[in-house]
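Per-entry structural report
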Amino acid sequence: MEKLIITAAICGAEVLKEHNPAVPYTIEECVREAKSAYEAGASLIHLHVRWDDGTPTQDKGRFKAVMDAIKKEIPDVIIQPSTGGAVGMTDDERLQPTELNPEMATLDCGTLNFGGDEVFMNTENTIKYFGQRMIERGIKPELEVFDKSMIDMALRLHKKGFIQTPMHFDLVMGVNGGISGDLRDFVFLRHSLPAGATYTVAGIGRFEFPLAMAAIIDGGHVRVGFEDNVYLSKGVLAKSNGELVAKVVRMAKELGREIANPAEARQILGLKPLK
Ligand code: KMH
Ligand code: ZN
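Before going into details, it helps to say that this report is about the structure given with it. Because the structure is a prediction, the values reported are computed rather than measured. (Residues numbered from 1 in each chain as written. Chains lettered and ligands numbered in written order. Predicted model: local features only at pLDDT ≥ 70, side-chain atom pairs only at ≥ 80, totals over all residues. Heavy atoms only, no water.)

Helices and strands together make up the secondary structure of the chain, namely 9 helices and 14 strands. In summary, the chain has a C-alpha radius of gyration of 17 Å against a globular reference of 19 Å for 275 residues, a match within 12%. With respect to the principal axes defined by its C-alpha atoms, the chain has extents near 45 × 45 × 40 Å. By residue count, 56% of the 275 residues in the chain fall in the buried class. (Helix = DSSP H or I, 4+ residues; strand = E, 2+ residues; numbered from the N terminus. Rg over C-alpha atoms; globule rule 2.2 N^0.38 Å. Buried < 20%, exposed > 50% of the residue type's maximum accessible area, 1.4 Å probe, protein only.)

Those donors, His46 (NE2), His48 (NE2) and Glu227 (OE), are the protein atoms that reach the zinc ion (ligand 2), and they lie 2.1 to 2.2 Å from it. All donors to the zinc ion (ligand 2) come from one chain, and their sequence spacing reads H-x1-H-x178-E. Summarising the burial analysis for this pair, histidine 46 and histidine 48 share the class buried. (Donors = N, O, S within 2.8 Å, 3.2 Å for Na, K, Ca; no water.)

Counted according to the given criterion, the structure contains 17 salt bridges. Residue glutamate 258 is joined to lysine 3 by a salt bridge in which the shortest nitrogen-to-oxygen separation is 3.8 Å. Residue glutamate 258 is found in the loop between helix H8 (241-254) and helix H9 (262-269), and its partner lysine 3 is found in the segment before strand E1 (6-9); the two are separated by 255 residues along the sequence. Look at glutamate 258 and you get exposed, because its relative accessible area is 53%. For glutamate 264, the salt bridge identified is with lysine 3, shortest N-O distance 2.8 Å. You can see glutamate 264 sitting in helix H9 and its partner lysine 3 sitting in the segment before E1, a full 261 residues away along the chain. Here glutamate 264 falls in the partly exposed class, since its relative accessible area comes to 23%. Through salt bridges that share partners, Glu144, Asp170, Arg223, Glu227 and Asp228 make up one connected network. (Salt bridge = Lys/Arg side-chain N within 4 Å of Asp/Glu carboxyl O.)

Below, the discussion takes up unusual backbone geometry. Going from threonine 165 to proline 166, the amide bond is cis rather than trans, its omega being -5 degrees. Of note, proline 166 is situated in the loop between helix H5 (148-159) and strand E10 (168-173).

Given 3.6 residues per turn, any residue in an α-helix points the same way as the ones three and four places further on. Those residues of helix H7 (residues 208-218) that sit buried are Glu208, Phe209, Leu211, Ala212, Ala214, Ala215 and Ile216. Where the residues of H7 are buried, they touch E10, helix H6 (183-190), strand E11 (198-203), strand E12 (221-224), strand E13 (231-233) and H8. In the stretch just after H7, glycine 219 is the one whose phi turns positive, near 95 degrees. (Contact = heavy atoms within 4.5 Å.)

So, on to the site of ligand 1. Taken together, 14 residues lie around ligand 1, and Glu14, Ser82, Gly85, Thr106 and Asp108 are the ones closest in. Between a nitrogen atom of ligand 1 and a side-chain N or O atom of glutamate 14, the distance comes to 2.9 Å. A distance of 2.7 Å separates an oxygen atom of ligand 1 from a polar side-chain atom of aspartate 108. Coverage of ligand 1 by the protein chains reaches 97% of its 300 Å² of free accessible surface. Among the residues making up the shell around ligand 1, the classes are represented as 4 nonpolar, 6 polar and 4 charged. (Near = heavy atom within 4 Å. Polar contact = N/O pair within 3.5 Å; in protein donor to acceptor, adjacent residues only side chain to side chain. Areas by Shrake-Rupley, 256 points an atom, 1.4 Å probe, with all protein chains shown as cover. Nonpolar A, V, L, I, M, F, W, Y, C, P; charged D, E, K, R; others polar.)

This part takes up the packing of H7 against H8. The geometry of H7 relative to H8 is characterised by a closest axis approach of 10 Å and an angle of 40 degrees between their N-to-C directions. Judged by the angle between their axes, H7 and H8 are oblique. Where H7 crosses over H8, the handedness of that crossing is right-handed. Together, Glu208, Phe209, Ala212, Met213 and Ile216 of H7 and Leu244, Lys247, Val248, Met251 and Ala252 of H8 make up the contact between the two elements. Here the residues of the contact of H7 with H8 are counted per class, giving 8 nonpolar, no polar and 2 charged. (Axes fitted to C-alpha atoms, helices over the stretch in contact; angles between N-to-C directions. Parallel < 35°, antiparallel > 145°, perpendicular 65-115°, else oblique. Left-handed = near helix turned anticlockwise from the far one by under 90°.)

Attention shifts here to the packing of helix H1 (residues 27-40) against helix H2 (residues 60-73). Contact geometry for H1 and H2: axes closest at 9 Å, N-to-C directions at 45 degrees. On the basis of their axis angle, the class for H1 and H2 is oblique. Handedness of the H1/H2 crossing: right-handed. Taken together, the residues of H2 that come into contact with H1 (itself represented by Ile27, Cys30, Val31, Ala34 and Lys35) are Arg62, Ala65, Val66, Ala69, Ile70 and Glu73. Class assignment for the residues of the contact of H1 with H2 results in 8 nonpolar, no polar and 3 charged.

Okay, structure coming up:
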């Protein structure tokens with residue numbers, strides 16, 4: 001079986017220090033969390049950035065500062081900026097980190113009701129616009145799907161030339177407004193993916209580790225991190241993103257699945273090797 005790529009979603013846009021004091025806001029805190037995840041076995045960092053007071057931003061300068069600081073400490077890690085940003089941001093605001101030509105970026109494949117009046121907007125035209133931008137800049141999209149219909153959307157937009165193969169999906173499961181984190185739904189999504197695609201699963205909250213286990217067994221890849229879940233186990237806050245990654249590494253070890261380093265992850269994802 002292919003080696004396991006572990007992604008660490010270290011920061012997110014919504015989770016706060018009030019939820020877990022180790023949630024990073026400053027550049028130094030982002031470096032600390034990225035390093036802890038990398039040292040534990042993550043080869044890929046899914047990155048949101050904040051201002052020092054915790055406000056989410058897609059500011060290009062802030063992304064550059066955080067990415068440069070992370071790369072200084074861990075030069076070979078793959079950094080995947082978010083183009084989802086936070087609810088309410090405009091498309092162009094969200095796209096700013098693509099101007100830095102990262103190896104990868106997220107591409108959210110549909111609109112989602114987060115709850116109350118919060119709508120995470122991704123119209124078909126937005127997805128086309130983002131897909132086109134990533135093709136032009138040679139950025140590999142991680143196709144974030146929160147439901148089955150979003151896989152279908154990605155396939156339709158692939159046929160229209162806005163998304164290239166081989167496709168890599170992130171099955172985000174257990175978000176309010178999206179598909180549940182039940183094993184039945186994991187099997188449904190996983191078998192709805194096109195041949196030749198790779199996937200990672202991001203289980204939200206209590207679904208993080210059960211779905212990680214399912215993906216390890218199935219040959220998929222795993223995302224963990226404070227963006228998705230702040231607990232190491234029931235009622236026990238994780239002290240770092242590294243602790244969450246280390247738990248996945250232990251699970252993989254028990255099941256005989258080896259962990260991919262960044263070079264191996266680049267190969268699996270079809271990214272160019274580092275010079
Ligand atoms: N923060 C959410 C509104 C992504 O990174 O592309 C969007 C999100 C998805 O987290
Ligand atoms: Zn994100």
